[in-house]
Amino acid sequence: MAMERISQLFRQATGCEPQSVTLLAGAGSNRQYFRVCGCGRCFVAVIGTNKEENDAFVSLANTFKQYGLPVPEVIATSDDGMVYLQEDLGDQSLYARIAEGRANGGEYSEEEIEIIAKTIRILPSFQFLPVVHEEARSLFGKCYPQSEMDRTSIFFDLNYFKYCFLKLKEIEFNEYKLQHDFEALADDLLADDENTFLYRDFQSRNVMLKDEEPYFIDFQGGRKGPIYYDVASFLWQSSANFSEELRERLIDEYLQALQPYKQMTKEAFMPKLHLFILFRLLQVLGAYGYRGLWEKKEYFINSIPLAIKNLKHELSLGTCDAYPYLKEVCEAIISPPLTVRIFSFSFKKGIPADDSGNGGGYVFDCRSSNNPGRYAEYKALTGLDKPVIDFLENDGEIVDFLSHVYEIVDFHVNRFIERGFTNLQICFGCTGGRHRSVYSAQHTAEHIHQKFGVEVILCHREQNITQVFK
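This text gives an overview of the structure that appears in the document. (Residues numbered from 1 in each chain as written. Predicted model: local features only at pLDDT ≥ 70, side-chain atom pairs only at ≥ 80, totals over all residues. Heavy atoms only, no water.)

## Describing the overall build of the protein
Definition in use: Counting from the N terminus, the helices are the DSSP runs of H or I reaching at least four residues and the strands are the DSSP runs of E reaching at least two. Only protein chains enter the calculation, and the probe is 1.4 Å; a residue is then buried if its accessible area is under 20% of its type maximum, exposed if over 50%, and partly exposed in between. Note on contacts: a residue pair is in contact if any heavy atoms of the two residues lie within 4.5 Å. Per-residue and other accessible areas were derived by the Shrake-Rupley procedure at a 1.4 Å probe size, with only the shown protein chains allowed to occlude residues. Charged residues are defined here as Lys and Arg on the positive side and Asp and Glu on the negative side; His and the ends of the chain fall outside this count. We put the charge of a Lys on NZ, of an Arg on CZ, of an Asp on CG and of a Glu on CD.
Along the protein, the regular secondary structure elements total 16 helices and 14 strands. The C-alpha extent of the protein, read off along each of the three principal axes, is 80 × 60 × 40 Å. When the 470 residues of the protein are sorted by exposure, 53% land in the buried category. A separation threshold of at least 6 residues defines the contact pool for the protein, and within that pool the share at least 24 residues apart is 70%. Accessible surface computed for the protein: about 21,100 Å², of which carbon and sulfur atoms make up 49%. One finds the centroid of the 49 positive side-chain charges in the protein at a distance of 4 Å from the centroid of its 66 negative side-chain charges.

In structure tokens, the structure reads:
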């Protein structure tokens, strides 16, 4: 049925029969996306489940396109409004484009930073379209599910945090005291009243790159609202793991692009931005709680520690000081964190004791892997030295071994974070505690810290080396 509806709309728009209709990977919504091609032309067909939401996208896209903003052109819409064809922007999102920097723990290349900067420089042209072109203010009437960010929508998000994160994490709180601070926070968030457009879901997954130029999608949830929200959403997206230095640089890029529309100094901008960062973090923790703690989706569980890390930083800046009970609740979230202790050791000298009092954890035996210590050129070296690393990785047995270890310990770390446990110990032993166990412990420590952002204390016991990843 879906294929026939798409084919019919394609025929109406082009006069041609489609030669292929391919289902595309879905996102977080219930909409379905297809690439439909024929007569040398390709479009993306969208089948929505809500006509009002579809109408919002089509109307906003047409308005943005009218004023020259980089969005996909809507080619055709079905009579019932449930299916539409839009310009095919290809398959590369900004999220995919900067995957290497994300995988490197937020160490982005200059090329990646430039495409991120190019994206945020375009943001003010969306936000101030209804200000610059007064007739474009009619777009607010097309927004779904409402025309502006108001008190009700703020409380939807704050209650999402309360019931889908705090409750599921079993964090105790006083409902009345928390509500009092929520009221004060809502007052401050709504203090500005301008005719600016709030994109709402401005993040790297919703930016497509065509010939290295950003195009913007999934703006149907946009509405009238403050400019700070989108900057907070984009730069504090947990999975992006932007460094503070990079965020500062990108804020400068944004403020420079903002100047033709609104004269604002960084000193004036930052306090309000941090307020929206706090709000956005509470909102995403609610989403991660529902998708992760309740629905058990791994991606969202993995995102919780990164969001908590960002929340911890905001608390350290005093962003929450005006809301004392909310601050108390947030401090309960960030403390105590999980600490993972990882050891390398020699079985000849015994398994390391667990001084945390937690007990349990893992002891992995690395002696099944080929031993560099059997060869004279490696005897005096350790698993931290490049010749030994090259030997183990070229041999491959230890790499395969660790792939299975990661699968096990990742699950354990996830569950300990989810349940609020504070300690986990992982030990790697080999004959002398010098080569295979050291390599395995070092790589596991780096893997866990990079993936989960938790504190890892690494001890190569037989080398008397301790390293802390924070």
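## What about helix α7 (residues 151–166)?
Heads up, the rule is: For a helix, the expected span equals 1.5 Å multiplied by the residue count minus one.
Its 16 residues give α7 an end-to-end C-alpha distance of 21 Å, which sits within 8% of 22 Å, the value for a rise of 1.5 Å per residue. When α7 is considered as a whole, its buried residues turn out to be S153, I154, F155, D157, L158, F161, K162, C164, F165 and L166. Against α8 (175–189), β9 (223–224), α11 (266–294), α12 (298–316) and α13 (324–334) lie the buried residues of α7.

## Some details on the packing of α8 against α11
Going by this rule: As a rule, the C-alpha atoms of each element are fitted with a line to give its axis, helices using only the stretch in contact, and angles between N-to-C directions run from 0 to 180 degrees. When an angle is under 35 degrees it counts as roughly parallel; over 145 it counts as roughly antiparallel; between 65 and 115 it counts as roughly perpendicular; any other value is oblique. Each crossing is labelled by how the near helix is turned from the far one, with a counterclockwise turn of less than a right angle marking it left-handed and a clockwise turn marking it right-handed.
Relative orientation of the contacting elements α8 and α11 amounts to 130 degrees, with a least axis distance of 10 Å. What the angle tells us is that α8 and α11 run oblique. Judged by the twist between their axes, the crossing of α8 over α11 is left-handed. Where α8 approaches α11, its residues L185, D188 and L189 are matched on the opposing element by K272, L275, F276, F279 and L282.

## Concerning the packing of aromatic side chains
Heads up, the rule is: Aromatic contacts are taken between Phe, Tyr and Trp rings whose centres are within 6.5 Å, Trp giving its six-membered ring; a plane angle under 30 degrees counts as stacked, one over 60 as edge-to-face, and the others as tilted.
Counting across every chain of the model gives 29 aromatic pairs. On the basis of an interplanar angle of 15 degrees and a centroid distance of 6.2 Å, the ring pair of F161 and F165 is categorised as stacked. Placement of both F161 and F165 in helix α7 is noted, with a separation of four residues, approximately one turn of the helix. When its relative accessible area of 0% is taken as the criterion, F165 is described as buried. Ring centres 5.3 Å apart and planes at 75 degrees place the aromatic pair Y199 and F202 in the edge-to-face group.

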